[in-house]
Structure formats: structure tokens, C-alpha cells
Number of protein chains: 2
Amino acid sequence: MKRPTLGVSAAERIRNSARELFYSNGIRGVGVDEIVQNAGVTKPSLYRAYESKDGLAAVYLDEFYKTCRTYFEEAEATCPDDPRGQILAYFDGLAERASRPAYRGCGLTNAILEFPDHDHPVRQEAARLKQAMADWIASRVTLLDARAPETLTSGLVLLMEGVFVAGQAFAPPGPGARAGAVARLLLHDV
Amino acid sequence: MKRPTLGVSAAERIRNSARELFYSNGIRGVGVDEIVQNAGVTKPSLYRAYESKDGLAAVYLDEFYKTCRTYFEEAEATCPDDPRGQILAYFDGLAERASRPAYRGCGLTNAILEFPDHDHPVRQEAARLKQAMADWIASRVTLLDARAPETLTSGLVLLMEGVFVAGQAFAPPGPGARAGAVARLLLHDV
DNA sequence: CAGCCTATGTACCGATCGGTAACATCGTCA
DNA sequence: TGACGATGTTACCGATCGGTACATAGGCTG
């Protein structure tokens, strides 16, 4: 019997496997058998470490949100005390990411679209984290002295979500590659 | 045995049932049993009228695209010979639609997100029709004398797709309700 | 009424899915 | 050595899925 646990616990291997597969193929598009096979473990190990497939999906979403937060924090670090520059830095980075060939958008947005039932726990978790992403944009805009902050916030949130899906709907480089220029257009008079 | 075909063929009943259910719950989220039950017919009737569930889904997507085209044509009719007004009319209408409580976005975008496999026939059909939607926006922008037409086209396409998903991700009225104002912001100097 | 054709229903298939039970095996540490 | 915790092995369950073979009902025409 092979024991490929090279210092990496089964739970961690499963989490990594689920992250790759959930992001590439969607949550509903991946079966637990595929997850454990890709992780080099067996099914009972998955259910010893996680409550259910939905529970594992929730862990995946939390992890994905953490990655998104690092993008926000990087943008803040790039332009300290310059909310306009932070917004532009974020959208420049987003445009670059969305131009890569295997781009699959935002795991949270994808999950919301995958689960139309508002009461599904996976969707609720994704929607909660997605709101936090919109809140970051809103917080940057309030630091600006914009004439119409609500319109600007809505525009930037819609732009962000647009890049997430356009990166999948159109062959790269699609419209998402110009997200930075579009953000500058929205911010042109602030 | 009941014969509930009140002048409406089984194929038509199935098409109507599939349209409602596919739009509300997604294509993958609806089983053929649910479709035929909602249509008041039985499963073999579905497979006599349509090649497969995927084939029925393709018909649904074509129908959905026709609806989108009527929105474009209405915008053109509202402001003849005024591409800027046509764009604004379209986004005003989109904002109104996206503010309704049961809004579920664009069936084409939803289908693309539901089928991550680029080779899946349902996704290919959805992507083809989605490109046609982006082409309409591009055609309006070329009629404008914009300084940066590529950026403007990308911005409007991203705005449109953003409304499609934000209408589902955020409780109404979400950012999509301001799509008209955002479009005016993007078009402010043309 | 006989015969036929078309539309429809009944019952089923094989595959896949998420999830579980029971038991075997390994490494570690006292 | 012996006990323990973590993992692997095998086999299975019930539900759901897309899809189909076969029987049946109704209307038309002779």
C-alpha cells in the first residue's frame, strides 16, 4: 500500500485537490470520487475530515475569499493613502489575471451562479463573501470625494463582476483585458 | 387518460416548461422529469420532439437570444439615428429588469458559467449567441465618434455582464439598478 | 366495423451521485 | 512490546439522472 502523505495530511491534500477542481470545473461539476482520486486519498478520508461535499465547498469558498482579500491588500499597499490609485491598481491586476488563458473568474461568483436556490448553504456562504468584496470597493469610494459615490460604487462593482464572467464568456484577451482603462474612464473626473 | 393538449402541441408545452425551469433553476439544476411534469406530458414525448436534454437546452438558448434581440431592437426604435441614445435606452431597460425581485440574469451567461467545459455543445451555443450580443454593443459604439472606442465597447460589455450577475449576487435593488447612470458615466464625453 | 397511423403513457434500464459501514494496516510513542 | 490515532481497502446503499423499449388510446379512412 502506498502512503504518499509526504508530510501533508490527507485533509490538506483533499483541500488542495478540491480547490483546483472546484475552480476549474465548478462545484457541481466535480464529484467527490474525482476529488479523492486527484488527492491520492480515498473517500472515507474526505468524510473524516469534512462534514460533506457542501462543507468542503464552503471551506473552498472561504479560502478563495482570502485570496481575493490579498489582491485588495496588495492594491492598498501599492498606493497607501491614495484610494483612487488603490482602485486602479486592483483593476489593473484584475485585468492582467483575467487575460490569462485558463482564467475561470471568481469562485464566489461562479458558486452563486451554480446554485440558483437562495437557501442553499453553499450559495449563502458565497453571497456573504461576495458582499464583503463589494464592501471593499464601497469603502475605497467613500474615501474619494466623488460627486456621485453611489453611481461610482455601482459602476466599479459591476465592472468587477463583468470582468469575472467576461473572462470566461469571451476568448482571451476579451473585454476584461481593458478593465484598467475602463476603471480610469469611470474615475476620470475624481 | 387525459389529453390536456388544448390546442397546444406537446413540443410547445415542453418548450415553455423548459424555458421557465431552465431560466429559474439553471439547465443543470433541472431534470427532464421535472420538465415533463411541469409541462403535463411524459418523458417519451420530450424525446420524440427533441434530440436530448442538451438539444432542448440549445432551443431554449436560441429562444432566449431572440428575447435579448428584441431589447436591442426596442432601444434602436426608441432613438433612431442616435446610437448614444440607443445604448442608454438599452441600459435603462436592463436596469429596470435587473431590479425585479425574481431576476435571474442572462440565460446565455448563466449557461456559460454552468458548463465550464469549452467543448460542451450547450456552452458553445451560448458563447456564440453571447458574442452576438457583444457585437451589437460594438456596432453602436462604432457609430459614435468616441475617442477610445475599444475601451468604451469593453466598458459597456463588462457593464452589461456585470448587471447580469450582480442582479443575482446582490439583493435587489443591487448595483444593477444604477446601470443607466453608469452607462452615462462611461459615455459622458461622447 | 376493420385497419391503420399518430400521439401518448407505463415501466424500466444503466450510470452516476453523495455518503457510509466494517475491517485492515501503518507509524508513533510510551 | 502494546496501544492508539490516522489512513487505506472494499463493498455497499438509496436517490437521482438521462434515456428507451414496449404497450396503448384516439381519430381517420375504407
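As the structure is a prediction and not an experimental result, all values here were calculated from the model. (Residues numbered from 1 in each chain as written. Chains lettered and ligands numbered in written order. Predicted model: local features only at pLDDT ≥ 70, side-chain atom pairs only at ≥ 80, totals over all residues. Heavy atoms only, no water.)

Student: Any chance you could break down the pattern of salt bridges for me, citing the residues and the numbers?
Tutor: Residue and element names in this part refer to chain A. Within the structure shown, the criterion is met by 18 salt bridges over all chains. Across the pair Glu 96 and Arg 100 runs a salt bridge, and its minimum N-O distance is 3.1 Å. The closest approach of N and O atoms between Asp 189 and Arg 147, which form a salt bridge, is 2.2 Å. Remark: Arg 147 occurs in the loop between α7 (121–143) and α8 (149–169) and Asp 189 occurs in the segment after α9 (179–186); sequence separation between them is 42 residues. Linked through salt bridges whose partners overlap, the residues forming this network are Arg 15, Arg 19 and Glu 63. (Salt bridge = Lys/Arg side-chain N within 4 Å of Asp/Glu carboxyl O. Helix = DSSP H or I, 4+ residues; strand = E, 2+ residues; numbered from the N terminus.)

Student: Would you mind going over the interface of chain B and chain A in detail, with residue names and values included?
Tutor: If you look at the interface, chain B gives 41 residues, while chain A gives 41 residues. Contact between chain B and chain A buries roughly 3400 Å² in total, counting both sides, with carbon and sulfur atoms accounting for 73%. The three residues of chain B that bury the most area against chain A are Leu 113, Leu 158 and Phe 170 of chain B, which together make up 20% of that side's buried surface. Applying the counting criterion to the chain B and chain A interface returns zero salt bridges. Those elements giving two or more residues to the side of chain B that touches chain A turn out to be α1 (10–25), α6 (107–114), α7 (121–143), α8 (149–169) and α9 (179–186) of chain B. Looking at the side of chain B that touches chain A element by element, the count peaks at 15 residues for α8 of chain B. (Contact = heavy atoms within 4.5 Å. Buried area = accessible area lost by both parts, 1.4 Å probe.)

Student: Any details on the UniProt feature "DNA-binding region" (unreviewed entry) in chain A? Residues and values, ideally.
Tutor: Mapped onto this numbering, the UniProt entry annotates "DNA-binding region" (unreviewed entry) at residues 31–50 of chain A. A helix fraction of 75% and a strand fraction of 0% characterise residues 31–50 of chain A, whose end C-alpha atoms lie 15 Å from each other. (UniProt positions renumbered as here; feature names shortened; annotations may be inferred.)

Student: Hey, could you go over the relation of the copies chain B and chain A for me, with residue numbers and the actual values?
Tutor: In this arrangement, two copies of a chain are superimposed by a rotation about an axis accompanied by a shift along the axis. Overlay of chain B on chain A (RMSD 0.0 Å): rotation 180 degrees, translation along the axis 0.0 Å. On this basis, the relationship between the two copies can be described by a two-fold rotation axis. Taking C-alpha positions as reference, the residue of chain B nearest the rotation axis is Gly 162 of chain B, located at 1.9 Å. The share of interface residues of chain B whose copies in chain A are also at the interface is 100%, consistent with both copies meeting through the same surface. (Least-squares fit on C-alpha atoms with pLDDT ≥ 70 in both.)

Student: Talk me through the packing of α8 of chain B against α9 of chain B; I want residue IDs and the actual numbers.
Tutor: All names here are of chain B. Closest axis-to-axis distance for the α8/α9 pair is 10 Å, and the angle between their directions is 170 degrees. Accordingly, the angle class assigned to the pair α8 and α9 is roughly antiparallel. Every residue of α9 that contacts α8 at Leu 152, Gly 155, Leu 156, Leu 159 and Val 163 is listed here: Ala 179, Val 182, Ala 183 and Leu 186. (Axes fitted to C-alpha atoms, helices over the stretch in contact; angles between N-to-C directions. Parallel < 35°, antiparallel > 145°, perpendicular 65-115°, else oblique.)

Student: Can you break down the domain arrangement of chain A residue by residue, with the values?
Tutor: All names here are of chain A. As assigned here, chain A comprises domain 1 (8–50) and domain 2 (54–186). Each of domain 1 and domain 2 was reduced to a C-alpha centroid, and the two centroids are 26 Å apart. In this assembly, 15 residues from domain 1 lie in contact with 15 residues from domain 2. Surface buried jointly by domain 1 and domain 2 totals about 1300 Å² across both partners, of which 67% is contributed by carbon and sulfur atoms. The three residues of domain 1 that bury the most area against domain 2 are Tyr 23, Ile 27 and Arg 28, which together make up 52% of that side's buried surface. For the pair domain 1 and domain 2, the number of links is two salt bridges. Residues Arg 15 and Glu 63 are paired through a salt bridge, measuring 2.9 Å at the closest nitrogen-oxygen approach. Joining domain 1 to domain 2, the criterion identifies seven residue pairs in polar contact (both at pLDDT 80 or more). Of the residues forming the side of domain 1 that touches domain 2, the biggest block, eight residues, is contributed by helix α1 (residues 10–25). (Domains from an automatic or database assignment. Polar contact = N/O pair within 3.5 Å; in protein donor to acceptor, adjacent residues only side chain to side chain.)

Student: I'd like a rundown of the UniProt feature "domain: HTH tetR-type" (unreviewed entry) in chain A, residues and numbers included.
Tutor: Using the residue numbers shown here, the UniProt feature "domain: HTH tetR-type" (unreviewed entry) corresponds to residues 8–68 of chain A. Annotated as residues 8–68 of chain A, this span is 77% helix and 0% strand, and its ends, taken at the C-alpha atoms, are 25 Å apart.

Student: Run through unusual backbone geometry, naming residues and quoting values.
Tutor: Residue and element names in this part refer to chain A. Note the cis peptide between Pro 172 and Pro 173, where omega equals -5 degrees. Inspection of the secondary structure assignment puts Pro 173 in the loop between α8 and α9. One non-glycine residue with positive phi stands out, namely Asp 81, at about 60 degrees. With a relative accessible area of 80%, Asp 81 lands in the exposed category. (Buried < 20%, exposed > 50% of the residue type's maximum accessible area, 1.4 Å probe, protein only.)

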